Amino acid sequence: QTVRLTRFKVTPQPTYTLEEVKALLDSCRLTDQEGVRNHAVISVLFDTGVRQGELVSMGLPDWDNSTVWVDGKGGHRLVPIGVNALRSLDRYARRWNVTSGSLWRGKYGPLTRWGVLALIERQCSKAGVDHKGVHAFRRAAAAQMKRLGMNDSDILEVMGWKDITMLRRYTAVVARELAQSAHQK
């Protein structure tokens with residue numbers, strides 16, 4: 001007896017490219033308070049793939065273990081943070097004097113989901129990058145994890161997904177690139 005797998009076509013969703021993420025980071029002025037915060041927000045979004053609501057729920061990270069707790073759609077979960085994002089977060093926390101409570105701050109208090117959206121829109125405009133939404137960083141993070149050779153079960157864990165459907169949808173943008181790369185080895 002033969003088992004047939006269902007085939008389905010996944011339409012790639014808007015995703016920031018590595019070049020666009022670099023342009024966004026480069027457009028943040030690290031000499032002013034807002035630029036330091038924006039750099040940290042973009043670094044964390046791209047590095048961790050957290051959702052917008054999870055980002056604004058963050059408290060200070062565990063600096064020693066390079067992790068941070070988030071609350072959101074996937075519940076309460078621990079998210080690893082890479083060295084560059086952690087460095088950017090450290091610079092932000094020092095510059096904004098964040099020692100407890102909500103991690104992300106705006107001019108008038110804690111940064112909200114709408115504040116994150118406005119921040120990303122402004123930074124895209126400043127960098128000359130098409131605005132694809134905050135969630136496009138989540139897709140870009142999943143694609144980058146796949147590019148770097150992270151296995152599917154680890155990506156599912158880091159992203160807070162229960163099954164492979166979302167992984168396929170989010171990494172469709174790099175499927176051809178990965179296939180070509182594999183054939184060249």
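Computed from a prediction, not measured in an experiment: that's the story for all the values here.

S.K.: Quick one: what's the story with the overall build of the chain, residue by residue and with numbers?
M.R.: The secondary structure content of the chain amounts to eight helices and four strands. Reading the helices (α) and strands (β) of the chain from amino to carboxyl end gives α-α-α-β-β-α-β-β-α-α-α-α. Radius of gyration (C-alpha) of the chain: 17 Å, near the 16 Å computed for a compact globule of 185 residues. Looking at the 185 residues of the chain, the share that counts as buried comes to 42%. A fraction of 62% describes how many contacts in the chain between residues 6 or more apart in sequence connect residues 24 or more apart. Carbon and sulfur atoms provide 50% of the accessible area of the chain, an area that totals close to 10900 Å². In the chain, the 28 positive side-chain charges and the 18 negative ones have mean positions that sit 5 Å from each other.

S.K.: Go over the packing of helix H2 (residues 33–48) against helix H5 (residues 113–127) with me, naming the residues and quoting the values.
M.R.: The relative placement of two packed helices is expressed as an angle between their axes plus a distance between the axes. For the pair H2 and H5, the least separation of the axes is 11 Å and the interaxial angle reads 100°. By the angle class used here, H2 and H5 are roughly perpendicular. The segment H2 lies against H5, with Glu34, Arg37, Asn38, Val41, Ile42 and Leu45 engaging Leu119, Ile120, Arg122 and Gln123. A class-by-class count of the residues in the contact of H2 with H5 yields five nonpolar, two polar and three charged.

S.K.: Mind laying out the pairing of strand S1 (residues 67–72), listing which residues take part and the relevant values?
M.R.: Of the strand pairs in this sheet, S1 and strand S2 (residues 75–80) are connected by six bridges, and their pairing is antiparallel. The partner of Val70 across the bridge, within S2, is Arg77. The turn linking S1 back onto S2 is made up of two residues.

S.K.: Give a detailed account of the pattern of salt bridges, specifying residues and quantitative values.
M.R.: One pass over the structure, following the stated rule, counts seven salt bridges. When the shortest N-O distance is used, the salt bridge between Asp32 and Arg29 registers 3.6 Å. With a relative accessible area of 24%, Asp32 lands in the partly exposed category. The exposure class of Arg29 is exposed, given its relative accessible area of 53%. Here Lys146 and Asp152 are joined by a salt bridge, their closest N and O atoms 2.4 Å apart. For Lys146, a relative accessible area of 23% translates into the label partly exposed. Residue class for Asp152 comes out partly exposed when judged on its relative accessible area of 27%. Several salt bridges converge on common partners, so that one network encompasses Arg51, Glu54 and Arg77.

S.K.: How would you sum up H5? Please name residues and give values.
M.R.: Residue pairs three or four apart in sequence face the same way in an α-helix, which turns once every 3.6 residues. A rise of 1.5 Å per residue sets the reference length of H5, with its 15 residues, at 21 Å; its end C-alpha atoms lie 21 Å apart and thus fit the reference within 8%. Taken residue by residue, H5 has Val116, Leu119, Ile120, Gln123 and Cys124 as its buried positions. Viewed along the axis of H5, the buried residues span an arc of 130°, placing them on a single side of the element. Of the residues in H5, the exposed ones pointing more than 90 degrees away from the buried face are Trp114, Ser125 and Lys126. Taken from the residues just after H5, Gly128 is the one with a positive phi, measuring 70°.

S.K.: Hey, could you go over helix H6 (residues 135–147) for me, with residue numbers and the actual values?
M.R.: The first and last C-alpha atoms of H6 sit 19 Å apart over 13 residues, in line with the 18 Å expected at 1.5 Å per residue. With respect to burial, H6 is a largely interior element, 10 of its 13 residues being buried. Buried within H6 are the following residues: Ala136, Phe137, Arg138, Arg139, Ala140, Ala141, Ala142, Ala143, Gln144 and Met145.

S.K.: So what about the packing of H2 against helix H4 (residues 83–95)? Which residues, and what values?
M.R.: Between H2 and H4, whose axes approach to 8 Å, the crossing angle comes to 150°. Overall, the two elements H2 and H4 adopt an arrangement that is roughly antiparallel. The way H2 lies across H4 gives a crossing that is left-handed. Here H2 contributes Gln33, Val36, Arg37, His39, Ala40, Ser43, Val44 and Asp47 to the contact with H4, which in turn contributes Ala85, Ser88, Leu89, Arg91, Tyr92 and Arg95. Its residues placed into classes, the contact of H2 with H4 shows six nonpolar, four polar and four charged.

What counts and what doesn't
- Residues numbered from 1 in each chain as written.
- Predicted model: local features only at pLDDT ≥ 70, side-chain atom pairs only at ≥ 80, totals over all residues.
- Heavy atoms only, no water.
- Helix = DSSP H or I, 4+ residues; strand = E, 2+ residues; numbered from the N terminus.
- Rg over C-alpha atoms; globule rule 2.2 N^0.38 Å.
- Buried < 20%, exposed > 50% of the residue type's maximum accessible area, 1.4 Å probe, protein only.
- Contact = heavy atoms within 4.5 Å.
- Areas by Shrake-Rupley, 256 points an atom, 1.4 Å probe, with all protein chains shown as cover.
- Lys, Arg positive; Asp, Glu negative; His and termini not counted.
- Charge placed at Lys NZ, Arg CZ, Asp CG, Glu CD.
- Axes fitted to C-alpha atoms, helices over the stretch in contact; angles between N-to-C directions.
- Parallel < 35°, antiparallel > 145°, perpendicular 65-115°, else oblique.
- Nonpolar A, V, L, I, M, F, W, Y, C, P; charged D, E, K, R; others polar.
- Pairing = 2+ DSSP bridges.
- Salt bridge = Lys/Arg side-chain N within 4 Å of Asp/Glu carboxyl O.
- Expected span 1.5 Å × (residues − 1).
- Arc of directions from axis to C-beta.
- Left-handed = near helix turned anticlockwise from the far one by under 90°.

Fair warning: the whole summary comes from geometry, so function is off the table for now.
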